[in-house]
Amino acid sequence: MKIAVIGGAGYIGSHTVRELLDRGHEVKVFDNLSSGLEQNLFKDAGFVKGDILHPEEIEAFLQEFKPEGLVHLAAFKAAGESMTNPEKYSVNNITGSLNILNAATAAGVKYFVFSSSAATYGAPQYMPVDEKHPTEPENYYGYTKLAIEGFLKWYDKLRGIKFAALRYFNAAGYDVKGRITGLEKNPANLIPVVMEALTGRRKELLVFGNDYDTPDGTGVRDYIHVNDLAIGHAKAFEYLQQKNESLIVNLGVQRGTSVLDIVKAAEKASGKKVPYRIVERRPGDPASLVADPSKAFELLGWKAQYSDIDTIIKTTWKAYLSNGIV
Ligand code: WQD
């Protein structure tokens, strides 16, 4: 299939591009390189530098390439920042997505795979969280993802575009074959922060609370390896092509890992100590968030293969080592 990947130079985007290429798809990336990296581009995929906030650029790209499928991962994703600068998230995530959607229907795109998020659920009312869980986002970032899912439902009804909204849990790790090593700029997520503390790029890890109702008191999350996420995108296209039906599905592992579990795994992989300090809880953080991924298994035949914590941490550590900053 001809597939356009919007945001394909980013962290999850580049892993998705690699997976789609490996499966024989023809892929072209559209990215403004604001957080994506040239280092993450592949020679066997096309690349157009452009901005989703310039409708004529995304229109020209899609009209010229005429893809059957499209993956949209061009979004800002810092939940905390979305609460202090909602306008930035409205413009990029909402307006940008509508620009893509309008250009996609005009260019005859049939299948739209959207990078959604577990942040659409908000504070978990039960666990593990399945797709029937109420969607009451706790942050504006999560709301933008939910709103885009709503636009996709309408465009399915009115324009016949079929979509898969993939609700990612905590994406982590780097390509198991070492083909992608671009490090995220200014990371705020736990695992890259742990890596920066290990390498001396930052003084220490701040652990946001150790008095949660969890086994060791620190926050528990469902970490999913980015190669598994990438496979989920490929399987979503297969599903859309075979069934011609839209779907919303979780991508997670149904395993809870605490902040201190991550610290221990990082110390084991690197042979170094992680300097850390316990501080106040971070506002808006649930104690635990774990996915029920059974729908992905039933409908897509998708099951995580690389998401054990050792693989997640080892591949991340290797990416840091390969950048020569240790
Ligand atoms: C994980 C755990 C923190 C940093 C966010 C988004 C979510 C999704 C994934 C995209 C928590 C603790 C973290 C630190 C810490 N993104 N932590 N010190 O908050 O689960 O989810 O990223 O869709 O939408 O909200 O991920 O990596 O920030 O935190 O103690 O410096 O690590 O409190 O328990 P989170 P995270």
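Residue numbers here run from 1 along each chain, matching the order of that chain's written sequence. Owing to the predicted nature of the model, reporting of local features is limited to residues with pLDDT of at least 70; listing and counting of side-chain atom pairs is limited to 80 or more, with chain, interface and lining totals taken over all residues. Where side-chain values are given, they derive from all heavy atoms of the structure, hydrogens and water being excluded.

Visitor: Describe the environment of aspartate 216, with residues and values.
Guide: Elements are defined by DSSP. Helices are runs of H or I of four residues or more, strands are runs of E of two residues or more, and each kind is numbered from the N terminus. Inspection of the secondary structure assignment puts aspartate 216 in the loop between strand S8 (205-208) and strand S9 (220-221). It is 7.6 Å that separates the C-alpha atoms of aspartate 216 and leucine 260, two residues lying 44 residues apart in sequence. The contact definition used throughout considers only heavy atoms, calling two residues in contact when any of these lie within 4.5 Å. For aspartate 216, the residues in contact, after removing those within four places along its chain, are Asn210, Ser258, Leu260 and Asp261. Contacts described as polar in this section are N or O atom pairs within 3.5 Å, which, within protein, must combine one atom able to donate a hydrogen with one able to accept it, while residues neighboring in sequence count only if both atoms come from side chains. There is a polar contact of 2.6 Å between the side chain of aspartate 216 and the side chain of threonine 218.

Visitor: How would you sum up unusual backbone geometry? Please name residues and give values.
Guide: The step from methionine 127 to proline 128 runs through a cis peptide bond, and the omega angle for that step is -5°. Looking at the element boundaries, proline 128 is found in the loop between strand S5 (111-117) and helix H5 (140-159). We note that lysine 66 has phi near 50°; this positive angle belongs to a residue other than glycine. Looking at the element boundaries, lysine 66 is found in the loop between helix H2 (55-65) and strand S4 (69-72). The phi dihedral of glutamine 254 is positive, around 60°, even though this residue is not glycine.

Visitor: How would you explain the packing of helix H6 (residues 190-199) against helix H10 (residues 309-322) if you had to name every residue and give the values?
Guide: Between N-to-C directions, angles span 0 to 180 degrees; the directions come from axes that are lines fitted to C-alpha atoms, helices contributing only their stretch in contact. With their axes 11 Å apart at the nearest point, H6 and H10 run at an angle of 50° to one another. Taken together, the axes of H6 and H10 are oblique relative to one another. In this structure, the crossing between H6 and H10 has a hand that is right-handed. Touching Ile191, Pro192, Met195, Glu196, Leu198 and Thr199 of H6 are Ile312, Ile313, Thr316, Trp317 and Tyr320, all from H10. Our angle categories are set so that under 35 degrees counts as roughly parallel, over 145 as roughly antiparallel, 65 to 115 as roughly perpendicular, and the remainder as oblique. Left-handed describes a crossing whose near helix is turned anticlockwise from the far helix through less than a right angle; right-handed describes the clockwise counterpart.

Visitor: Can you lay out the pattern of salt bridges for me, pointing to particular residues and giving the numbers?
Guide: A pair is scored as a salt bridge if a Lys or Arg side-chain nitrogen falls within 4 Å of a carboxyl oxygen belonging to Asp or Glu. Counting across every chain of the model gives 21 salt bridges. When the shortest N-O distance is used, the salt bridge between arginine 23 and glutamate 19 registers 2.7 Å. In this structure, glutamate 68 engages lysine 110 in a salt bridge whose closest nitrogen and oxygen atoms are separated by 3.7 Å. Placement of the pair is glutamate 68 in the loop between H2 and S4 and lysine 110 in the loop between helix H4 (86-106) and S5, with a sequence separation of 42 residues.

Visitor: So what's going on with the domain arrangement of the protein? Which residues, and what values?
Guide: These domain limits were set by an automatic method or by a database of domain assignments. You can read the domains of the protein as domain 1 (2-172 + 223-251) and domain 2 (190-222 + 254-291 + 298-322). The interface of domain 1 with domain 2 comprises 22 residues on the first partner and 27 residues on the second. What counts as buried area is the accessible surface, traced by a 1.4 Å probe, that two parts surrender upon association, with contributions from both included. Between domain 1 and domain 2 lies a buried interface of about 2200 Å² when both sides are counted; carbon and sulfur atoms form 69% of it. Broken down residue by residue, the surface that domain 1 buries against domain 2 is led by Tyr223, His225 and Asp228, which jointly contribute 35%. Linking domain 1 to domain 2 there are 0 salt bridges. Summed over the shared surface of domain 1 and domain 2, the result is 9 residue pairs in polar contact (both at pLDDT 80 or more). Every element with two or more residues in the side of domain 1 that touches domain 2 is listed here: strand S7 (170-172), strand S10 (223-225), helix H7 (226-243) and strand S11 (247-251). Among the elements that line the side of domain 1 that touches domain 2, the one with the most residues is H7, at 7 residues. The nonpolar class holds Ala, Val, Leu, Ile, Met, Phe, Trp, Tyr, Cys and Pro. Asp, Glu, Lys and Arg form the charged class, and all remaining residues, Gly among them, are polar. Within the side of domain 1 that touches domain 2, the residues separate by chemical class into 15 nonpolar, 4 polar and 3 charged.

Visitor: Which residues make up the pairing of strand S1 (residues 2-6), and what are the values?
Guide: Two faces belong to every sheet, and in a regular strand the side chains alternate between them. Of all 5 residues in S1, 4 are buried; the element is thus mostly enclosed. Pairing analysis gives 5 bridges linking S1 to strand S2 (residues 26-31), with the strands arranged parallel. Residue alanine 4 lies in a different strand from S2, and its bridge partner there is lysine 28. Crossover S1 to S2 through helix H1 (residues 11-22) is right-handed. In this sheet, S4 lies alongside S1 in parallel orientation, the contact comprising 4 bridges. Across the sheet, residue alanine 4 finds its bridge partner in S4, namely leucine 70. Classification of residues uses two cut-offs on accessible area relative to the type maximum, computed with a 1.4 Å probe and protein chains only: under 20% is buried, over 50% is exposed, and between them is partly exposed. Any two strands between which DSSP finds at least two bridges are classified as paired. A clockwise course of the path from the first strand over the helix to the second, judged with the strands pointing away from the viewer, identifies a crossover as right-handed.

Visitor: Provide a residue-level description of the sheet that holds strand S12 (residues 257-258), including the pertinent values.
Guide: The 3 strands lie next to each other as S12-S9-S14, forming an open sheet whose pairing is mixed. The open sheet has two free edges, formed respectively by S12 and strand S14 (288-289), since each of these has just one partner strand. When S9 meets S14, the two strands line up parallel, connected through 2 bridges. Note that in S14 the partner of arginine 221 across the bridge is leucine 289.

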